[in-house]
Structure formats: C-alpha cells, structure tokens
Amino acid sequence: MISINNVSKIYKTNNKEFKALQEVSLNIKKNTIHGIIGESGAGKSTLIRLINGLEDYQDGTVDVFEYKNIIKLNMESSRMLKKRIGMIYQSFNLLERKTVLENVLMPISINGKVKPKDLQKAKNLINLVGLSEYINKYPNYLSGGQKQRVGIARSLINDPEILLCDEPTSALDPTTIKSVLDLLKDIKSKFNITVVIVTHDMYVIKEICDYVTVMENGKIIENGYVEDVFYHPVKTTTKSLLSSIGLNYELIVNNNKHIKNKYILFFDKSILNSSIITEVSMKFKTSINILYASITPNEKGVMVVQIPKNIEDIRHSLMKSGVVVENV
Ligand SMILES: Nc1ncnc2c1ncn2[C@@H]1O[C@H](COP(=O)(O)OP(=O)(O)OP(=O)(O)O)[C@@H](O)[C@H]1O
Ligand SMILES: [Mg+2]
C-alpha cells in the first residue's frame, strides 16, 4: 500500500545541506497500525510527510496506492492522492475562530460548498469521537484531548484510506493519551484504515501498533512486528526506548547476572489463561522464581524466570504447552 524505496532527502538552508533521510526503504501494509519511533531529529516527520507528498526527495521512489513515484504526479493526481490520506498533528492545527463543526468541515469547505450529506457526515464523526455536545463550541473551550478528537474527526471527513499521525499524543496527559489511542484503534477497525503513527514514546507503540520502525540519524535501524522487535531488539537505541517503558528484559537478565539458572520463556495468547508455571512447579516439585513478565497488545508474553532444578524435564513440559524456553 505504501512503499518507500531507497529514499534520500536533503534539506538545503543558507547554502548548507542536511541529509534528513538516508537511503530509507520501508513497506507499510494495508490495514495495519504502523509506528515510527526515534529520538528528536531522527527524521520521523520527514518520513511520514513523504507519504502524502508534503516533502519532496532527491533519490529513490515513494509509491502510494496505485500511484508510482508520487513526486512526479500531475496536479490532479496529486490532489486525488492527498484526498485519500488524512492527517493529525501534535499541535492539533485547529482554527480558533471556527467551531468544532466548522473545523471538521474545513477540508471540504476550503475546496467548495458544503453539501447536506457532508454536514451529516461531520455530525456523525463528531458523535463518533464523543463531542456531540461541543459541536458549536470553539477550540479554546476544549481540553487537549478534545481538540485532538476534533483533529481526528476532521481527518476522517474525506473517507481516507490512510491516516497519518505525527506525534498525536505528545501534547496530552497520560490518561488522555490512552483514550485517544483507543479511539484511533477503534477507527482503524471501523473504517479499515491504515494508520501510520510517529512517536517518541514506546508506550504508544506497545498500546496500538502492529509494526514498528525505529529511526536514528535519518536511517531505519530496526523494523518489524512489534513482538519481534520487543522480544529481540538488536540496536542500543531500541533497547533504551524499551527500557523507558520497563520492557527491556535483557536489562533484567544483565542486572541479575548473579542469579544462576535463568531462562527466558516466550509464549502466546493460548497460554495466558492457564496456570502453567504453577502446574510445572508442582509437578516437578521446584520453585520457579519469576524475575520479569510482560504481555504485548497482541497478547504475546515474555518471562524471565529462575528454575533451580529439573530444567530439562520442565523445559520439555513447557514446550509441549507451546512455551519456548531459551537459556540465558
Ligand atoms: N525545513 C527544514 N529545513 C532544514 N532542516 C530541517 C527541516 N525540517 C527538518 N529538518 C532537519 O531534519 C532532521 C529531521 O527532522 P524531522 O522533523 O524529520 O525529525 P523528527 O524525527 O520528526 O524530530 P522530532 O521528534 O523533534 O519531531 C532534523 O535534524 C531537522 O533539524
Ligand atoms: Mg517530528
């Protein structure tokens, strides 16, 4: 659906050149929530803005939907492409002098007359994001979370197939972050939209993303299923981002070098409701000490445990139940 191939992007200011993207290649699959994470200046916003043609690029190609190398599109095709892509921003980008309803209708009113069906659609979207009672209020009257909900409703007015979100929760407090992320997840399922979300917060990736791309200095340094990257992070930057949400199990392993007989267990959803650890402990009369446990949004789990004895029998028993046991 979105294919970025070997793209390099140079910003030129005051005769100085800055390479913001260096030979970046990335495929984003239809109907997924794809997170792009990295420190400030990594090139995340530049990358996401390539997708709807807001940034040009010097090398490589960007293909979106049926459009190849979108930088070369004529004005009409470029307009059609942009119409199929919605966008939401960290700072919400609402017009202070327009009401919630007028803001949501902006993408239509800016290009022509608002028809009764558009008005109805805007009302439905405002209802969907939970702001019906604020429909005629001005943005000043709203909290940050409510403003972002207006931004989300506005981004959906043209029935986009892709929703680009640049740091959509960075200006919000933790409780509001969760509710905005839940809304994005609902919207993705309800409208079968592909969501691309830029963030510097691993919590956002953990909460809603299927795939994650980690960026550093204009390059992609890690990319894959959230589970794979969470369980087998390779790069130091990825590991430190995971540590920020307490998800760096390697850290637990390294910080507990003095504890002998440690193992990492990987398991999936089917195991979650069973008391498998208790069962094997009892069966083999061994105490299993859990040093770390976590579960991802797709309900895969990882544990770091200490198993003092009978490891081969326990390993066999756990593996029969679908738990993968790795020595550390
Ligand atoms: N218009 C511009 N002109 C010159 N340099 C720019 C421009 N936009 C971005 N850059 C530079 O390109 C690099 C990547 O910027 P970008 O905005 O993509 O990073 P980011 O990962 O989104 O960072 P942040 O987390 O701070 O939003 C930065 O070093 C930035 O200073
Ligand atoms: Mg940015």
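Just above sits the structure.
Model, not experiment: these values are computed from the prediction.

Criteria and thresholds
- Residues numbered from 1 in each chain as written.
- Chains lettered and ligands numbered in written order.
- Predicted model: local features only at pLDDT ≥ 70, side-chain atom pairs only at ≥ 80, totals over all residues.
- Heavy atoms only, no water.
- Near = heavy atom within 4 Å.
- Polar contact = N/O pair within 3.5 Å; in protein donor to acceptor, adjacent residues only side chain to side chain.
- Areas by Shrake-Rupley, 256 points an atom, 1.4 Å probe, with all protein chains shown as cover.
- Helix = DSSP H or I, 4+ residues; strand = E, 2+ residues; numbered from the N terminus.
- Pairing = 2+ DSSP bridges.
- Axes fitted to C-alpha atoms, helices over the stretch in contact; angles between N-to-C directions.
- Buried < 20%, exposed > 50% of the residue type's maximum accessible area, 1.4 Å probe, protein only.
- Contact = heavy atoms within 4.5 Å.
- Core = buried A, V, L, I, M, F, W, Y, C linked by side-chain atoms within 4.5 Å.
- Domains from an automatic or database assignment.

Asks: When you look at the site of ligand 1 in this model, what are you seeing that I'm missing?
Replies: In the vicinity of ligand 1, 13 residues are found, and the nearest of them are Ser-40, Gly-41, Lys-44, Ser-45 and Thr-46. Here an oxygen atom of ligand 1 sits 2.8 Å away from a polar atom, N or O, in the main chain of Gly-41. One nitrogen or oxygen atom from the side chain of Ser-45 is found 2.8 Å from an oxygen atom belonging to ligand 1. Relative to its unbound accessible surface of 640 Å², ligand 1 loses 62% to contact with the protein. Of all the secondary structure elements, the ones that give two or more residues to the shell around ligand 1 are strand 1 (2-13), strand 2 (16-28) and helix 1 (44-51).

Asks: Would you take a moment to explain the environment of Ser-40 for this structure?
Replies: If you trace the backbone, Ser-40 turns up in the loop between strand 3 (33-38) and helix 1. Along the chain, Ser-40 and His-200 lie 160 residues apart, while their C-alpha atoms are 7.5 Å from each other.

Asks: Just checking my understanding: could you explain the sheet that holds strand 2 for this structure?
Replies: Pairing between the strands of a sheet is mediated by backbone hydrogen bonds and can be parallel or antiparallel. The strand order across the open sheet built from three strands is 2-1-4, with neighbouring strands paired in antiparallel fashion. Each of the sheet's edge strands pairs with one partner strand only, and the pair in question is strand 2 and strand 4 (59-64). Between one strand and the next, the sheet's axes are offset by a mean angle of 30°, whatever the strand orientation. Where strand 1 meets strand 2, nine bridges bridge the pair, whose relative direction is antiparallel. Each bridged residue has a counterpart across the sheet, and for Ile-10 the counterpart in strand 2 is Lys-19.

Asks: I tried to follow the pairing of strand 12 (residues 301-306) on my own but got confused; where do I start?
Replies: A regular strand places its side chains on the two faces of the sheet in alternate fashion. Buried residues dominate strand 12, accounting for six of its six residues. Going residue by residue along strand 12, you find Gly-301, Met-303 and Val-305 tucked away on one face and Val-302, Val-304 and Gln-306 tucked away on the opposite face as well. With six bridges joining them, strand 10 (residues 262-267) and strand 12 adopt antiparallel strand pairing. Bridging across to strand 12, Ile-264 finds its partner in Val-304. Bridge count between strand 11 (residues 289-295) and strand 12: six bridges; the pairing is antiparallel. Looking across to strand 12, one finds that Ser-294 is bridged to Val-302.

Asks: What am I meant to see in the sheet that holds strand 10 here?
Replies: Taken in spatial order, the four strands line up as 11-12-10-13 in an open sheet, and their pairing is antiparallel. Looking at which strands have only one partner, the edges of the open sheet turn out to be strand 11 and strand 13 (324-327). Direction aside, neighbouring strands of the sheet carry axes that sit 20° apart on average. This element, helix 12 (residues 311-320), spans strand 10 and strand 13 of the sheet and lies at about 145° to strand 13.

Asks: Can you help me understand the nonpolar core in this one?
Replies: One recurring pattern in soluble globular proteins: nonpolar side chains tend to sit buried together. Residues Val-104, Ile-152, Leu-184, Ile-197, Ile-205, Phe-230 and Tyr-249 are the most contacted members of the largest nonpolar core, which totals 57 residues. The element best represented in this core is helix 6 (residues 174-191), accounting for six residues. Here this core gathers at least three residues from each of two domains, domain 1 (2-244) and domain 2 (252-327). Leave out the neighbours within four places in its chain, and Ile-205 touches Gly-35, Ile-36, Ile-37, Thr-199, Val-212, Val-226 and Phe-230. Counting residues in each nonpolar core, the second largest holds 27 residues, with Ile-48, Tyr-57, Val-196 and Val-198 among its members.

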